[in-house]
Amino acid sequence: MTKKIFVLDTSVILYDHNAIRSFAENDVVIPIQVLEELDNFKKGNETRNFEAREFIRFIDRVARDRMLQEWVPLGDGNKGRFRVVMKAYTNGVDAEKIFTGLKMDHKILNVALFLQHNYPDRKVILVSKDISLRLKAKSFNVWAEDYETGKSTDINHLYSGKTIREEVDPKIIDEICEHGHTDLRLPGEESVQNNQFFILKNGKKSALAYYNPFDGFLEKVEKRTISGIKPRNAEQIFAIHAILNSNIKLITLQGVAGTGKTLLAMAGALEQRQRYKQIFVTRPVVQLSNKDIGYLPGDIKEKLNPYLEPFWDNLKFIKNLSGKQERHYKGIDEMLEYYKIEIIPLTYIRGRNLSHMIFIVDEAQNLTPHEVKTIITRAGDNAKIIFTGDIRQIDTPYLDEQSNGLSFLIDRLKGQKLFAHINLEKGERSALANLANELL
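The text that follows walks through the structure, step by step, so that each part is easy to find. Treat the numbers as computed from the prediction; the structure is a model and nothing was measured.

### Focus on the packing of aromatic side chains
Within this structure, the stated rule accounts for seven aromatic pairs. Between the aromatic rings of Phe99 and Phe140, the centroid separation amounts to 5.7 Å while the plane-to-plane angle is 55°, which identifies the pairing as tilted. Separated by 41 residues along the polypeptide, Phe99 in the loop between helix H4 (95-98) and helix H5 (104-118) and Phe140 in the loop between helix H6 (131-139) and strand E6 (143-145) bring together distant segments of the chain. Given the relative accessible area of 13%, Phe140 is considered buried. Members of the aromatic cluster, each reached through a chain of ring pairs, are Phe6, Tyr15, Phe23 and Tyr147.

See the structure below:
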């Protein structure tokens, strides 16, 4: 079989610096313009800056004494080769002349056209996270595709964390309601995931339960109020159970606006303030160009405040559920005063050790899989991490419903003993918010 030639766009490398090694025995081309763009991204504390630096170091190690305009082996075994292509012209179409503006994208597209012209017996594929560049390439009859490595399953088949079982053996429901658990088995239990939640029904009988992986039983899930927040549906009851369960160290809450993701995470963290020393809260800052929050005026708190208003809104809501004289209200103020609740930027998470704390990451759908991994690998002793987000509301241009970090996390960790996920389906903010979610 003839080997293919894959041309990598900058967006792919900033998403995954190991991408160059993901094409089996096929060859990979790096346009010189990509190296130039990576040079602009190498400084900074964000994940994409880290990815740029790691890729540059890898190329330097592999190339050694080789010239980069010749084919360089990527490694032993079935790995292919790579090379750098400089300014490329063909006798045919010039993308830079057809499109207005001096954009790097058009130079990269010209490299793909050059390779297509010079290697007519091989399939040339431009790989990019940029949808617009892929469409431009196809307009020139150059095959283009997204970078598929690390993508999760289709969103319609993504693990929801919850199953509704009808016509369940009434003995199972009775045992769960009376004794809090049962060792009786559900039909098809071999497919049950660890920490999976269930709504069990039989006629008028019903029970909420979850599969406890540590004792192998179906256990009853009780409805609990936390920090004054009363759950309004089964999914919220499940979410609270997972947040309060000391055996579950990693939780994902997915749902549209108004389903209570951030509120439940904050309320659950406050409910356990005696168990953990600190509550850290953050969310990714979606920026323009290659500028981080350091360009914004003020100290770190002032820089982050515009992005973290939802946390303050939820904290105020929880405080207002009790009167100002109540102990709970004063407790929250004291936690803020003594930095027991702390707002931190994700850009400075690398290298930290998150021990004896709850770490809440909001808007996790705007993270890459590598960023999610970076956060989780910071977890130390007695740490719990809660990711919340809506995989249908992605604000970064190079992520989609399958390649974002939240989908990746749900898909890869389902069934693990330390992990629980629940998809919050029903909006509880207001009738107006529900109307907007359904019809707009």
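### Regarding the pairing of strand E5 (residues 124-127)
Residues of E5 alternate between two faces, with Val124 and Leu126 on one and Ile125 and Val127 on the opposite face, all of them buried. By the bridge criterion, four bridges tie strand E1 (residues 5-8) to E5 in an arrangement that is parallel. Looking across to E5, one finds that Leu8 is bridged to Val127. In the classification by handedness, the crossover that spans E5, the intervening H6 and the parallel E6 is right-handed.

### As for the sheet that holds strand E17 (residues 419-424)
Pairing is parallel in the open sheet, where six strands are placed in the order E14-E13-E15-E16-E12-E17. Two strands in the sheet have a free side with no partner beyond their single neighbour: strand E14 (341-343) and E17. In this sheet, adjacent strand axes meet at a mean angle of 15° when their direction is disregarded. The sheet contact formed by strand E12 (residues 250-255) and strand E16 (residues 383-389) spans five bridges and is parallel. Of the residues in E16, the one forming a bridge with Leu253 is Thr388.

### A look at the environment of Glu334
With respect to the helices and strands, Glu334 occurs in helix H12 (residues 327-337). For Glu334, a relative accessible area of 46% gives the class partly exposed. The spatial distance from the C-alpha of Glu334 to the C-alpha of Ile176 is 40 Å, given a sequence separation of 158 residues.

Rules and cut-offs
- Residues numbered from 1 in each chain as written.
- Predicted model: local features only at pLDDT ≥ 70, side-chain atom pairs only at ≥ 80, totals over all residues.
- Heavy atoms only, no water.
- Phe/Tyr/Trp six-rings, centres within 6.5 Å; stacked < 30°, edge-to-face > 60°.
- Helix = DSSP H or I, 4+ residues; strand = E, 2+ residues; numbered from the N terminus.
- Buried < 20%, exposed > 50% of the residue type's maximum accessible area, 1.4 Å probe, protein only.
- Pairing = 2+ DSSP bridges.
- Right-handed = clockwise from strand over helix to strand, strands pointing away.
- Axes fitted to C-alpha atoms, helices over the stretch in contact; angles between N-to-C directions.

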